[in-house]
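Chain by chain, the residues:
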Amino acid sequence: MVQHRNTFMVLSDAVGEPFGSAEEAWFWSVQAQDAKAAGARIAAGRGLVQRPCEPGDVLCAVDRLYRRRLLIRDHLHVLVHYGRRLMAPDPARHREQRAHTLWQEAFDRLRPVLREKGIVQ
């Protein structure tokens, strides 16, 4: 909303299409953050699909969980590493079993937060 002389004007009624899963929202946020770090200018409403949040909203949710000690550094490491690879750890691969467990734990904690905010269906 924008306020002009004691009147309010709604800029957009479009809420945006929620993500199908918390993992999808995470991959989108990581890609946007990497693009921003590479010099891309991120502007709301410019994507093919309108979303109900900004990429930073998902990152802030993860940060809040970390600050509340519901996520530990190992969770963050796995989220970032596999987020950049755009794939979840494969439990069938011996070297990814611990990462898979951490990934599941992280999303078990993150999913309800993103649903409550309307970011995930």
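Quick caveat: nothing in here was measured; it's all calculated off a predicted structure. (Residues numbered from 1 in each chain as written. Predicted model: local features only at pLDDT ≥ 70, side-chain atom pairs only at ≥ 80, totals over all residues. Heavy atoms only, no water.)

### A look at helix α4 (residues 97-116)
Because an α-helix packs 3.6 residues into every turn, residues spaced three or four apart end up facing the same way. Over its 20 residues, α4 extends 29 Å from the first C-alpha to the last, a length consistent with the 28 Å expected when each residue adds 1.5 Å. Along α4, the sharpest kink reaches roughly 30°, centred on L110 and followed within four residues by the proline P112. Buried within α4 we find A99, L102, W103, A106, F107, L110, R111 and L114. Looking at the buried side of α4, the elements it contacts are α1 (22-37), α2 (55-67) and α3 (73-85). (Helix = DSSP H or I, 4+ residues; strand = E, 2+ residues; numbered from the N terminus. Expected span 1.5 Å × (residues − 1). Bend = angle between axes of the 7 residues up to and from the residue. Buried < 20%, exposed > 50% of the residue type's maximum accessible area, 1.4 Å probe, protein only. Contact = heavy atoms within 4.5 Å.)

### Re the nonpolar core
Counting 24 residues, the largest nonpolar core has W26, W103, L114 and I119 as the members making the most contacts within it. Among the secondary structure elements, those contributing two or more residues to this core are α1, α2, α3 and α4. (Core = buried A, V, L, I, M, F, W, Y, C linked by side-chain atoms within 4.5 Å.)

### A word on the environment of A61
With respect to the helices and strands, the residue A61 is situated in helix α2. The spacing of A61 and L110 is 49 residues in sequence and 7.3 Å in space, taken between C-alpha atoms. Beyond its immediate stretch of four places on either side in the chain, A61 contacts L110, V113 and L114.

### Let's talk about the packing of aromatic side chains
Under the definition given, this model contains three aromatic pairs. Where F19 meets W28, the ring centres are 5.0 Å apart and the plane angle is 50°; that geometry is what we call tilted. Assessed through its relative accessible area of 1%, F19 is described here as buried. With a centroid separation of 4.7 Å and 55° between ring planes, the pair formed by W103 and F107 is classed as tilted. Of the two residues, W103 and F107 are both situated in helix α4; the distance of four residues between them amounts to about one turn of the helix. Among the residues examined, F107 registers a relative accessible area of 0% and is labelled buried. An aromatic cluster of at least three residues, connected via ring pairs, comprises F27, W103 and F107. Just above the ring of F19 sits the side chain of R51; from NZ or CZ to the centre is 4.0 Å. (Phe/Tyr/Trp six-rings, centres within 6.5 Å; stacked < 30°, edge-to-face > 60°. Lys NZ or Arg CZ within 6 Å of the ring centre and 35° of its normal.)

### A word on the side chain of R111
You can see R111 is positioned in helix α4. Excluding residues that lie within four positions of it along the chain, R111 makes contacts with A22 and E23.

### Describing α1
End to end, α1 covers 22 Å across 16 residues, agreeing with the expected 22 Å (1.5 Å per residue, within 8%). Among all positions of α1, only A22, E23, A25, W26, F27, S29, V30 and A32 are buried. Those residues of α1 that are buried are in contact with α2, α3 and α4. Within two residues after α1, G39 carries a phi angle of roughly 110°, on the positive side.

### Regarding the confidence of the model for the chain
Per-residue confidence for the chain averages 87 on the pLDDT scale, and 83% of its residues sit at or above 70. Across residues 7-14 the pLDDT falls below 50, and counting only partners more than four positions away or on other chains, this stretch makes nine contacts in the model. (pLDDT = per-residue confidence, 0-100.)

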